Amino acid sequence: MEPGNGKTGVKTLGLKLPDELHAQFALVAQLDGLSLTDAMRRAVELYVEHKQAQPDFAAQAAAVLEEIEREAAARRGAIQALFGDTGTLPVEAKAAGKRRGNEAPAQT
């Protein structure tokens with residue numbers, strides 16, 4: 001289990017740094033007795049904490065959430081227009097949505 005949220009899922013983050021900054025970061029991590037991975041995780045945690053403490057951060061997040069909701073409602077409306085307002089999709093549509101990338105089914 002990964003530290004932090006108690007969930008097992010993790011994402012890999014590739015980070016490109018200028019040589020000088022990388023050398024400094026590696027030295028600071030070494031002086032703190034941290035691996036580069038642990039130091040990067042801590043740096044990301046500090047960045048997130050810093051952003052959460054900013055006064056306009058909650059408003060920015062709320063605006064993004066509203067946009068997500070608008071887009072979801074538009075997509076829901078498009079699906080309902082295609083299949084009617086029955087609340088259920090045809091079996092083929094449900095199966096197609098489960099395919100990776102939601103690609104269309106193969107034509108026969």
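Residues numbered from 1 in each chain as written. Predicted model: local features only at pLDDT ≥ 70, side-chain atom pairs only at ≥ 80, totals over all residues. Heavy atoms only, no water.

K.L.:
Got a minute to help me understand the overall build of the protein chain in this structure?
P.N.:
Per the secondary structure count, the protein chain includes four helices and zero strands. Secondary structure elements of the protein chain, listed N to C terminal, follow the sequence α-α-α-α. By residue count, 3% of the 108 residues in the protein chain fall in the buried class. Approximately 9,600 Å² of the protein chain is accessible, and the part contributed by carbon and sulfur atoms is 59%. (Helix = DSSP H or I, 4+ residues; strand = E, 2+ residues; numbered from the N terminus. Buried < 20%, exposed > 50% of the residue type's maximum accessible area, 1.4 Å probe, protein only. Areas by Shrake-Rupley, 256 points an atom, 1.4 Å probe, with all protein chains shown as cover.)

K.L.:
Would you mind showing me how to read the packing of helix 1 (residues 19-31) against helix 2 (residues 36-53) here?
P.N.:
For any two helices packed against each other, the geometry is given by the interaxial angle and the distance between the axes. Packing of helix 1 against helix 2 leaves a shortest axis separation of 9 Å and a crossing angle of 100 degrees. When the axis of helix 1 is compared with that of helix 2, the two are roughly perpendicular. Side by side, helix 1 and helix 2 meet where His22, Phe25, Ala26 and Ala29 of the first sit next to Leu36, Ala39 and Met40 of the second. Counted by class, the contact of helix 1 with helix 2 contains six nonpolar, one polar and no charged residues. (Axes fitted to C-alpha atoms, helices over the stretch in contact; angles between N-to-C directions. Parallel < 35°, antiparallel > 145°, perpendicular 65-115°, else oblique. Contact = heavy atoms within 4.5 Å. Nonpolar A, V, L, I, M, F, W, Y, C, P; charged D, E, K, R; others polar.)

K.L.:
I keep staring at helix 1 and nothing clicks. Help me out?
P.N.:
Helical geometry note: an α-helix holds 3.6 residues per turn, so side chains three or four residues apart project in the same direction. Over its 13 residues, helix 1 extends 18 Å from the first C-alpha to the last, a length consistent with the 18 Å expected when each residue adds 1.5 Å. Downstream of helix 1 by a residue or two, glycine 33 has a phi angle that is positive, lying close to 75 degrees. (Expected span 1.5 Å × (residues − 1).)

K.L.:
Honestly, helix 3 (residues 57-83) in this entry has me stumped. Any pointers?
P.N.:
In this model helix 3 runs 39 Å from its N-terminal to its C-terminal C-alpha over 27 residues, within 8% of the 39 Å that 1.5 Å per residue would give. In the segment just after helix 3, glycine 84 is the residue with positive phi, at about 85 degrees.

K.L.:
I tried to follow the pattern of salt bridges on my own but got confused; where do I start?
P.N.:
It is possible for side chains of opposite charge to pair when their charged atoms get near one another. Tallying each qualifying case throughout the model produces four salt bridges. Residue arginine 42 is joined to glutamate 49 by a salt bridge in which the shortest nitrogen-to-oxygen separation is 3.9 Å. You can call arginine 42 partly exposed: its relative accessible area is 37%. Note that glutamate 67 and arginine 70 form a salt bridge whose closest N and O atoms lie 2.7 Å from each other. Linking glutamate 67 with arginine 70, this pair stays in helix 3, spanning three residues, or about one helical turn. Classification of arginine 70 by relative accessible area gives partly exposed; the value is 49%. Within the structure, one salt-bridge network assembled from shared partners comprises Arg42, Glu45 and Glu49. (Salt bridge = Lys/Arg side-chain N within 4 Å of Asp/Glu carboxyl O.)

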